[in-house]
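Breakdown of the fold
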Amino acid sequence: MEDFRNILTEEKDGVLYLTVNREDKMNALNFATLDELREIFEEVVDNKGIKAVIITGSGEKAFVAGADIQEISELNEVNARKFAENGQEIFAMIENCHKPVIAVTNGYTLGGGCELAMACHIRIATANAKFGQPEVNLGIIPGYGGTQRLTILVGRGKANELMMTGDMIGADEALKLNLVNYVLPTKIDAMDKAEEIIAKIMSKAPLAIGMIVDCVNAAFLSDENGFQTEANSFARCVKSGDYVEGTSAFLEKRKPIFKGE
């Protein structure tokens, strides 16, 4: 994977480590960083060597503290719609990725940063993480899918409260609200937990993992019958070599060797 200006990438044992690297800007998502995210996930989808992704932010103060306020201040009605749609499209790529994506959120996880984390399949927070959608303080609302994903994750009442007040919540409350899966004391601990989960997922059938992503997402799509998506996905799994290998290994009392085909 090529070098990027705003994002550090490292591949190790099939895992792509992606670090938003704008520490002096609290890792804010400017246009250039979003473009890099798009390019990276386009490669993730096509690169068979990448089995999973872990996203974090550089430094200890912030995962991603929001979007670039200078860029937001220059928006008008026409390009604001494009601004929101572009972010939504990129975050949908992450949410729909057939490879597991885990966010390790350290420090401020606000605005676009909270939206980025919510687009990931699993979220692990450090004890100092703070979450929020404070856009109302700027006279705007979340635009990268935050109004939808936050409501799905924490419920209508709490989502309304958090977005209307712009309040931040700590990691422990985020855990109680199901906004994150785990809270660990330090970033090192959180990364270790992410790697532990990734290793377990990578030992399973890749095609089945991708189908789970589709089915879980279908549960929240009003124009899709999630039960039918499940039945169709189940049938696709049974057509695969992974199904033959998985059932054969079980009957033969050995560990399966999945090839994702």
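What comes next is a walk through the structure. (Residues numbered from 1 in each chain as written. Predicted model: local features only at pLDDT ≥ 70, side-chain atom pairs only at ≥ 80, totals over all residues. Heavy atoms only, no water.)

Let us now look at the overall build of the protein chain. Scanning the protein chain for helices and strands turns up eleven helices and ten strands. Here the C-alpha atoms of the protein chain give a radius of gyration of 19 Å, agreeing with the 18 Å that 2.2 N^0.38 yields for 261 residues. Each of the three principal axes of the protein chain carries a C-alpha extent, and together these read 60 × 40 × 35 Å. For the protein chain, the residues scored as buried account for 45% of the 261 residues in total. In the protein chain, of all internal contacts separated by at least 6 residues, the share reaching a separation of at least 24 is 68%. When the accessible surface of the protein chain is summed, it comes to about 13,900 Å², and 54% of that surface belongs to carbon and sulfur atoms. Once the 27 positive and 39 negative side-chain charges of the protein chain are each reduced to a mean point, those two points are 5 Å apart. (Helix = DSSP H or I, 4+ residues; strand = E, 2+ residues; numbered from the N terminus. Rg over C-alpha atoms; globule rule 2.2 N^0.38 Å. Buried < 20%, exposed > 50% of the residue type's maximum accessible area, 1.4 Å probe, protein only. Contact = heavy atoms within 4.5 Å. Areas by Shrake-Rupley, 256 points an atom, 1.4 Å probe, with all protein chains shown as cover. Lys, Arg positive; Asp, Glu negative; His and termini not counted. Charge placed at Lys NZ, Arg CZ, Asp CG, Glu CD.)

This part is about the pattern of salt bridges. Scanning the entire structure with this criterion turns up nine salt bridges. One salt bridge in this structure joins R81 and E77, with 4.0 Å as the shortest N-O distance. Of the two residues, R81 and E77 are both situated in helix α3 (residues 77-95); the distance of four residues between them amounts to about one turn of the helix. Assessed through its relative accessible area of 61%, E77 is described here as exposed. We note a salt bridge from K158 to E161, for which the minimum N-O separation is 3.3 Å. Here K158 and its partner E161 are both found in helix α6 (residues 156-165), three residues apart, which amounts to about one turn of the helix. Using a relative accessible area of 21% as the deciding quantity, one classes K158 as partly exposed. (Salt bridge = Lys/Arg side-chain N within 4 Å of Asp/Glu carboxyl O.)

In the sheet, strand β1 (residues 7-12) pairs with strand β2 (residues 15-20) via six bridges, with the strands oriented antiparallel. The residue of β2 that forms the bridge with K12 is V15. In textbook terms, the turn of a hairpin is the stretch between consecutive antiparallel strands, and for β1 and β2 this stretch comprises two residues, one of which, D13, has a positive phi near 55°. (Pairing = 2+ DSSP bridges.)

Turning to the packing of aromatic side chains, a few remarks are in order. Scanning the model with the defined rule gives three aromatic pairs in all. Pairing F31 with F83 gives two aromatic rings, centres 5.8 Å apart and planes at 70°, and the pair type is edge-to-face. Of this pair, F31 sits in helix α1 (residues 31-46) while F83 is found in helix α3, placing the two residues 52 residues apart along the sequence. For F31, a relative accessible area of 36% corresponds to the partly exposed category. Ring centres of F91 and Y144 lie 5.4 Å apart, and the angle between their planes is 80°; this geometry places the pair in the edge-to-face category. You can see F91 sitting in helix α3 and its partner Y144 sitting in the loop between β8 (130-132) and α5 (146-154), a full 53 residues away along the chain. A residue is classified by how much of its surface remains accessible, and F91, at 0% relative accessible area, is buried. Members of the aromatic cluster, each reached through a chain of ring pairs, are F31, F83, F91 and Y144. Above the face of the Y182 ring, K193 is positioned so that its terminal group lies 4.5 Å from the ring centre. (Phe/Tyr/Trp six-rings, centres within 6.5 Å; stacked < 30°, edge-to-face > 60°. Lys NZ or Arg CZ within 6 Å of the ring centre and 35° of its normal.)

Positive phi outside glycine occurs at N27, with the angle close to 60°. Inspection of the secondary structure assignment puts N27 in the loop between β2 and α1. What makes N27 buried here is its relative accessible area of 0%. We note that K253 has phi near 55°; this positive angle belongs to a residue other than glycine. With respect to the secondary-structure elements, K253 resides in the segment after α11 (241-251).

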